[in-house]
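Spelled out from the first residue to the last, the chains are:
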Amino acid sequence: MTTIAGLIAAHDAAALAFGAPDREWMTYGNLRNLSASVGEVLHAAGIGRGDRVAIVLPNGPEMAAAFVSIAQWAVTAPLNPAYQEDEFAFYLDDLGAKAIVLGADDDGPALAAAQRFGLSVLRLHAPADAPAGTFTLSA
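Rules of the game
- Residues numbered from 1 in each chain as written.
- Predicted model: local features only at pLDDT ≥ 70, side-chain atom pairs only at ≥ 80, totals over all residues.
- Heavy atoms only, no water.
- Phe/Tyr/Trp six-rings, centres within 6.5 Å; stacked < 30°, edge-to-face > 60°.
- Buried < 20%, exposed > 50% of the residue type's maximum accessible area, 1.4 Å probe, protein only.
- Salt bridge = Lys/Arg side-chain N within 4 Å of Asp/Glu carboxyl O.
- Helix = DSSP H or I, 4+ residues; strand = E, 2+ residues; numbered from the N terminus.
- Core = buried A, V, L, I, M, F, W, Y, C linked by side-chain atoms within 4.5 Å.
- Contact = heavy atoms within 4.5 Å.
- Axes fitted to C-alpha atoms, helices over the stretch in contact; angles between N-to-C directions.
- Left-handed = near helix turned anticlockwise from the far one by under 90°.
- Nonpolar A, V, L, I, M, F, W, Y, C, P; charged D, E, K, R; others polar.
- Parallel < 35°, antiparallel > 145°, perpendicular 65-115°, else oblique.
- Pairing = 2+ DSSP bridges.

(A) Just the packing of aromatic side chains, in detail. Considering all chains together, one arrives at three aromatic pairs under this definition. Each ring, one from Y83 and one from F88, has its centre 5.6 Å from the other, and the planes form 70°; the classification is edge-to-face. Taking 5.2 Å as the distance between ring centres and 15° as the angle between the ring planes, the aromatic pair formed by Y83 and Y91 counts as stacked. Residue classification places Y91 among the partly exposed positions, given a relative accessible area of 30%. Through a chain of ring-to-ring contacts, three or more aromatic side chains come together here, namely Y83, F88, F90 and Y91.

(B) Fine view of the pattern of salt bridges. One pass over the full model with this rule turns up four salt bridges. D51 is paired through a salt bridge with K98; the nearest N and O atoms lie 3.5 Å apart. Taken together, the residues span a long stretch of sequence, with D51 in the loop between α2 (28-44) and β3 (52-56) and K98 in the loop between α4 (85-95) and β5 (99-103) at a distance of 47 residues. With a relative accessible area of 21%, D51 lands in the partly exposed category. Take K98: its relative accessible area is 35%, and that puts it in the partly exposed class.

(C) Highlighting the nonpolar core. Core analysis: the largest hydrophobic core is formed by 24 residues, its most contacted members being L31, I70, V101, F135 and L137. Looking at this core, the elements that each hand over two or more residues are β1 (16-18), α2, β3, α3 (61-70), β5 and β6 (120-125). Counting residues per element, this core draws most heavily on α2, which supplies five residues. With sequence-adjacent residues up to four places away left out, V101 is seen in contact with V53, A54, I55, V56, L57, I70, L122, L124 and L137. Counting 14 residues, the second-largest nonpolar core is a separate cluster that includes L79, A89, I100 and A110.

(D) How the structure looks around the packing of α2 against α3. Direction vectors running N to C along α2 and α3 enclose 65°, while the axes themselves pass 9 Å from each other. The element α2 and its partner α3 pack so that their crossing is right-handed. Taken together, the residues of α3 that come into contact with α2 (itself represented by L31, L34, S35, V38 and L42) are A65, V68, S69 and I70. Residues that form the contact of α2 with α3 fall into these classes: seven nonpolar, two polar and no charged.

(E) Here's a closer look at the packing of α4 against helix α5 (residues 109-117). As a packed pair, α4 and α5 sit with axes 8 Å apart at the nearest point and diverge in direction by 45°. Comparing the axis directions of α4 and α5 gives the class oblique. Between α4 and α5 lies a crossing whose hand is right-handed. Contacts between α4 and α5 involve E85, D86, F88, A89, L92 and D93 from the first element and P109, A110, A112, A113, A114, R116 and F117 from the second. Taken together, the residues of the contact of α4 with α5 break down into nine nonpolar, no polar and four charged.

(F) Representation of the sheet that holds strand β7 (residues 136-138) within the structure. In space, the five strands of this open sheet follow the order β4-β3-β5-β6-β7, with mixed pairing throughout. Edge positions in the sheet fall to β4 (75-78) and β7, since each has one partner strand and no second. Strand-to-strand, the axes of this sheet are offset by a mean angle of 25°, without reference to chain direction. In this sheet, β6 lies alongside β5 in parallel orientation, the contact comprising five bridges. Opposite L102, over in β6, you have R123 as the bridge partner. Sheet strands touched by α5: β3, β5 and β6. Its angle to β5, the strand with the most contacts, is close to 160°.

Now the structure itself:
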């Protein structure tokens, strides 16, 4: 088991993968399904192995699930959501990022920096009543 996908596959589908206070747990079966759907979105957006994807999300189960699921398909780089536009621009340029993942309504400095470089913007939508870590990704 030398890959993230291999580590995830080793767990029973009903085993608990991600949790958060006052929320239902995400199972490994759901995590495998999420990872497959994330791969489809990335592929449709022209993002594949070796491409770099910056993730700008607050700490929490959705950030963790996004990191684990995206890292199966592309190089991932989590960035601090508290950075200013010039800091984001520096890191996005330094990474050679092809895309950035932002929360559904995030229109702050990370978006402005991504637009400077013409990056693909992927939006993470996390339903409040869904199990911890559950999200959809859209280009």
